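Per-entry structural report
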Amino acid sequence: SGAPKKKSRIVKIGDNLYDYSGGLEEYRNGFVVKQIDGRDDSVEFLNGIKIFAGDVIGAVDEDQLRRIQIRETILSHIQRERQLFYKGIKVLSLFFIDEVRKYRTPEGGKGLYAEMFEDCYRELLDLPRYAELKERFFTPVEDVHDGYFSQDKKGNYKDTKGDSQDDSTTYNTIVKDKERLLSFECPLRFIFSHSALKEGWDNPNVFQVCTLID
């Protein structure tokens, strides 16, 4: 009754999504799991449809899309880390967002994107294939991501257009922190920012850029 609610399910070969959904028409025609392939992160159904991690079928809201973007960016990040860590290269990923409050409230609390990030990060690092990374990057999830935003006179975080004195101060902070960010002693690996930060992100270790904007 009412609008459908989104739920995650663990499925196996032979499971019927129509049954899991409580009889939703969207899943009536052949959405029975035929094959699950961990090599390419895909699931194939008896109706011939094959989907991969991050794919969306049917109606989807903006928050779902943003969660998928965040998850796929984290996934790309940790796969790159597996390749480069032993070469002494630290991987950074950068998220551009349209509103600061979606990552951090004016008072400094967690916004929607921060909560999504932490959920997805924990989910991925708990997978057996990434056990080595989980052991290597054992710091709390709160320490692996952070945001660089301007603040008003009361210390509250705010949106800016990229051309104010507040933005210049923020850019300088990032430039000064660049060397520290490249060090493995610094746990920060995922950065959220409100605008394209000019010379501040002229950094060769930023391997993924994700734009969470309308």
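Refer to the preceding data block for the structure.
An account of the accompanying structure is given in this report. Counting starts from 1 at the beginning of each chain's written sequence and moves along it residue by residue. Where local features are concerned, this predicted model is filtered to residues with pLDDT of at least 70; where side-chain atom pairs are given and counted, the filter is 80 or more; whole-chain, interface and lining totals use all residues. Hydrogens are left out, water is left out, and the side-chain values use all remaining heavy atoms of the structure.

1. Here's the deal with helix H3 (residues 112-125)
Along an α-helix, residues three or four positions apart point the same way, because every turn accommodates 3.6 residues. For the purposes of this entry, the term helix denotes a DSSP run of H or I that reaches at least four residues, the term strand denotes a run of E that reaches at least two, and both are numbered from the N terminus. For a helix, the expected span equals 1.5 Å multiplied by the residue count minus one. The end-to-end C-alpha separation of H3 is 20 Å, in line with the 20 Å expected for 14 residues at 1.5 Å each. Working definition: with a 1.4 Å probe on protein chains only, accessible area under 20% of the residue-type maximum means buried, over 50% means exposed, and in between means partly exposed. Along H3, the positions that sit buried rather than exposed are Tyr113, Ala114, Met116, Phe117, Glu118, Cys120, Tyr121, Leu124 and Leu125. Any two residues having at least one pair of non-hydrogen atoms within 4.5 Å are treated as being in contact. Its buried side turned inward, H3 meets helix H2 (62-84), strand S4 (92-97), helix H4 (131-136), strand S5 (145-148), strand S8 (190-193) and strand S9 (206-212).

2. Observations regarding the environment of Lys5
Looking at the element boundaries, Lys5 is found in the segment before helix H1 (17-20). Between the alpha carbons of Lys5 and Ser21 there is a distance of 9.5 Å; along the sequence they are 16 residues apart.

3. Some remarks on the sheet that holds strand S3 (residues 50-52)
Here, strands pair whenever DSSP counts at least two bridges between them. Pairing within the open sheet is antiparallel, and its three strands lie in the order S1-S2-S3. Of all the strands in the sheet, the pair left with one neighbour each is strand S1 (33-37) and S3. With direction set aside, neighbouring strand axes in the sheet form an average angle of 15°. In this structure, strand S2 (residues 42-45) lies alongside S3, joined through three bridges in antiparallel fashion. Each residue of the ladder has a partner; that of Glu44, found in S3, is Lys50. A fitted line through C-alpha atoms represents every axis, and for helices the fit uses only the stretch in contact; the resulting angles, taken between N-to-C directions, go from 0 to 180 degrees.

4. So, the pattern of salt bridges
A pairing counts as a salt bridge when a side-chain nitrogen of Lys or Arg comes within 4 Å of a carboxyl oxygen of Asp or Glu. Counted according to the given criterion, the structure contains 21 salt bridges. Glu99 is paired through a salt bridge with Arg101; the nearest N and O atoms lie 3.0 Å apart. With relative accessibility at 22%, the residue Glu99 sits in the partly exposed group. Each of Asp98, Glu99, Arg101 and Lys102 takes part in a single network of salt bridges with overlapping partners.

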